[in-house]
Amino acid sequence: MSLFPVTNADLSPDLERRFPGFDALDEPRVVVDMPTLDRNLAAATSIVAGKAALHPHVKTHKSLAIARAQRDRGASGFTIARVHEARILLEAGLEPVTIAYPLISAATATALLKIAARPGRLRFISDSHVGLAALSAAARTVGFPVEVFLKVDVGLHRCGVDPKGEIGPTLAAMIDRDPHLAFGGLLSHAGHAYGAAGPEAIRMVAAEELNLLAELRARLERDGIAVPHVSIGSTPTLFANAGFEGVDEVRPGNYAFLDLTAVRLGVATRADVALGIAARIVSTNGRYAIANIGSKTLSSDLGAHGTSATTSFGEGWMPAAASPLPVVKLSEEHAFLVHDGNPPLIGTPILILPNHSCPVANLSGGMLGLGGGDGSPAEIAVEGAGQARIS
């Protein structure tokens, strides 16, 4: 039984070749198929093809090792959401760092700018007078100008100014006039693409994003405000893009691992998903096979931004299986997989592909790389829940 379309072998995760050794692990682990990860990183670089700079969002993996691999694959900057992520990347020399989250504390911004120590290493966004006042005060304290992007709402309706409203030009003018701030340009995130029906619908979201940003840029330039950069970002609108005309940067995150959300959107297949959870069946009954992981590993996320077309929490693949078992229910440490009346044997290894890879990596506390280098499993440290830093 499957809640997801499995129509041919090309849509399977290809466990005969990928995630080598997952079935030998005795304890549950979040595992990464390293060749697939590398292929995903290369794919993003190929899609952009030099038309825009790649500034990936590290919140997907929270790993310095993977961030360095992204740099080796052409990334020229990095994006984060949490303050300590910025500190860690700066300390590692992975820069420039864009904090794509509206900071409203002058003290927080000042502390980060002291780590950056000079202009150009750290960039901020803002969509309010409060945020701009905090960033201006921080810049005065450290004694060098701070680059600030105007965050634009292109449809997700989370953060950002209305691209057709008046507050955007007002804030842009404030940045432009402030001697302590440098206007970086316009920044958006078309996260509502995760609720689209498929690639063509995603492409329409991407086209609308470009149009809204181009119109706002033209308005600002008519007012005499130069717009140095336009920065966009989401994995769906990277893979099902509408071109990169007028775009200077792209900031995808999920593309590194991908997940079942990307599969359902039609921008990836299961063979592209680089992250899974190695588990084992520990109990069975007439309806369910129970695996030894639960919401503390998989999370209860049905998809990015609360958008999902599924009621499943992932799907479990057993070696040589033609189709997966859906994860229909979770306890904290148990996954309920529906079987077809022939339950797998207790102890059977199973690889679970998640709905949303980002929270799984965050909750993991550490991932295990498989299939890379000399073939031996390699620990990948992450900044997980309750941890202080990326390693």
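Residues numbered from 1 in each chain as written. Predicted model: local features only at pLDDT ≥ 70, side-chain atom pairs only at ≥ 80, totals over all residues. Heavy atoms only, no water.

Asks: Would you mind showing me how to read the overall build of the protein here?
Replies: When you go through the protein residue by residue, the secondary structure sums to eleven helices and 17 strands. When the backbone C-alpha atoms are referred to their principal axes, the protein occupies close to 70 × 40 × 35 Å. In the protein, the proportion of contacts linking residues at least 24 apart, taken out of those at least 6 apart, comes to 69%. Here the protein displays about 15100 Å² of accessible surface, and carbon together with sulfur accounts for 53% of that area. When the 33 basic and 38 acidic side-chain charges of the protein are each reduced to a single mean position, those positions are 4 Å apart. (Helix = DSSP H or I, 4+ residues; strand = E, 2+ residues; numbered from the N terminus. Contact = heavy atoms within 4.5 Å. Areas by Shrake-Rupley, 256 points an atom, 1.4 Å probe, with all protein chains shown as cover. Lys, Arg positive; Asp, Glu negative; His and termini not counted. Charge placed at Lys NZ, Arg CZ, Asp CG, Glu CD.)

Asks: Which parts of the structure should I look at to understand unusual backbone geometry?
Replies: Trans is the common state for peptide bonds, and a negative phi is the common state for residues other than glycine. With an omega dihedral of -5 degrees, the bond running from Glu95 to Pro96 counts as a cis peptide bond. Here Pro96 lies in the loop between helix H3 (83–91) and strand E4 (97–99). Although it is not a glycine, Phe19 adopts a positive phi angle of roughly 50 degrees. Along the chain, Phe19 falls in the segment before strand E1 (29–33). The phi dihedral of His157 falls on the positive side, at around 60 degrees, and the residue is not glycine. Among the secondary structure elements, His157 is positioned in the loop between strand E6 (146–152) and helix H6 (167–177). With a relative accessible area of 64%, His157 lands in the exposed category. (Buried < 20%, exposed > 50% of the residue type's maximum accessible area, 1.4 Å probe, protein only.)

Asks: Would you mind showing me how to read the nonpolar core here?
Replies: Soluble globular proteins: nonpolar side chains tend toward being buried together. Of all hydrophobic cores here, the largest spans 100 residues; its most connected members are Leu89, Leu122, Phe124, Phe183, Leu186, Phe257 and Met367. The element contributing the most residues to this core is helix H7 (residues 199–222), with seven residues. When near neighbours in sequence (up to four residues on either side) are disregarded, Leu89 contacts Val58, Leu64, Ala67, Phe78, Ile80, Leu94 and Val97. With 14 residues, the next largest nonpolar core counts Phe22, Val263, Trp317 and Leu368 among its residues. (Core = buried A, V, L, I, M, F, W, Y, C linked by side-chain atoms within 4.5 Å.)

Asks: Explain the environment of His356 to me, please; I cannot follow it from the model alone.
Replies: Within the secondary structure, His356 sits in the loop between strand E15 (349–354) and helix H11 (357–364). A relative accessible area of 12% means that His356 is categorised as buried. Once you skip the residues sitting within four places of it in the chain, His356 turns out to touch Asn254, Asp259, Asp301, Gly303 and Ala304. Reaching out from His356, the side chain makes a polar contact with the side chain of Asp301 at a distance of 2.8 Å. (Polar contact = N/O pair within 3.5 Å; in protein donor to acceptor, adjacent residues only side chain to side chain.)

Asks: Looking at this structure, how should I read the pattern of salt bridges?
Replies: Oppositely charged side chains are able to pair whenever their charged atoms sit close together. Inspection of every chain in the model, using the stated rule, returns 16 salt bridges. Close ionic contact of Glu91 with Arg87 constitutes a salt bridge, the shortest N to O distance being 3.8 Å. Of this pair, Glu91 and Arg87 are both found in helix H3, four residues apart, which corresponds to roughly one turn of the helix. In this structure, the salt-bridge partner of Glu221 is Arg217, at a minimum N-O distance of 3.5 Å. In this pair, Glu221 and Arg217 both sit in helix H7, four residues apart, roughly one turn of the helix. Residue class for Glu221 comes out partly exposed when judged on its relative accessible area of 43%. Under the relative-accessibility criterion, Arg217 is labelled buried at 19%. A single salt-bridge network, built from bridges that share partners, covers Glu95, Arg118 and Arg121. (Salt bridge = Lys/Arg side-chain N within 4 Å of Asp/Glu carboxyl O.)

Asks: Help me understand the side chain of Thr79 in this model?
Replies: Structurally, Thr79 is set in strand E3 (residues 78–80). Taking relative accessible area as the criterion, Thr79 reaches 0% and is therefore assigned buried. Looking at Thr79, its side chain comes within polar contact range of the main-chain oxygen of His55, at 2.8 Å.

Asks: It is not clear to me how the packing of aromatic side chains should be interpreted in this structure. Could you clarify?
Replies: Think of a pair of aromatic rings as described by two things: how far the centres are apart, and how the planes are tilted against each other in angle. Summed over the entire model, instances satisfying the criterion amount to one aromatic pair. Seen from their ring centres, Tyr288 and Phe336 are 5.3 Å apart, and the 90 degrees between their planes marks the pair as edge-to-face. In this pair, Tyr288 sits in strand E11 (residues 288–291) while Phe336 sits in strand E14 (residues 335–338), placing the two residues 48 residues apart along the sequence. Relative accessible area serves as the criterion here: at 16%, Tyr288 is assigned to the buried category. When the ring centre of Phe336 is taken as reference, the NZ or CZ atom of Lys329 above it lies at 4.6 Å. (Phe/Tyr/Trp six-rings, centres within 6.5 Å; stacked < 30°, edge-to-face > 60°. Lys NZ or Arg CZ within 6 Å of the ring centre and 35° of its normal.)

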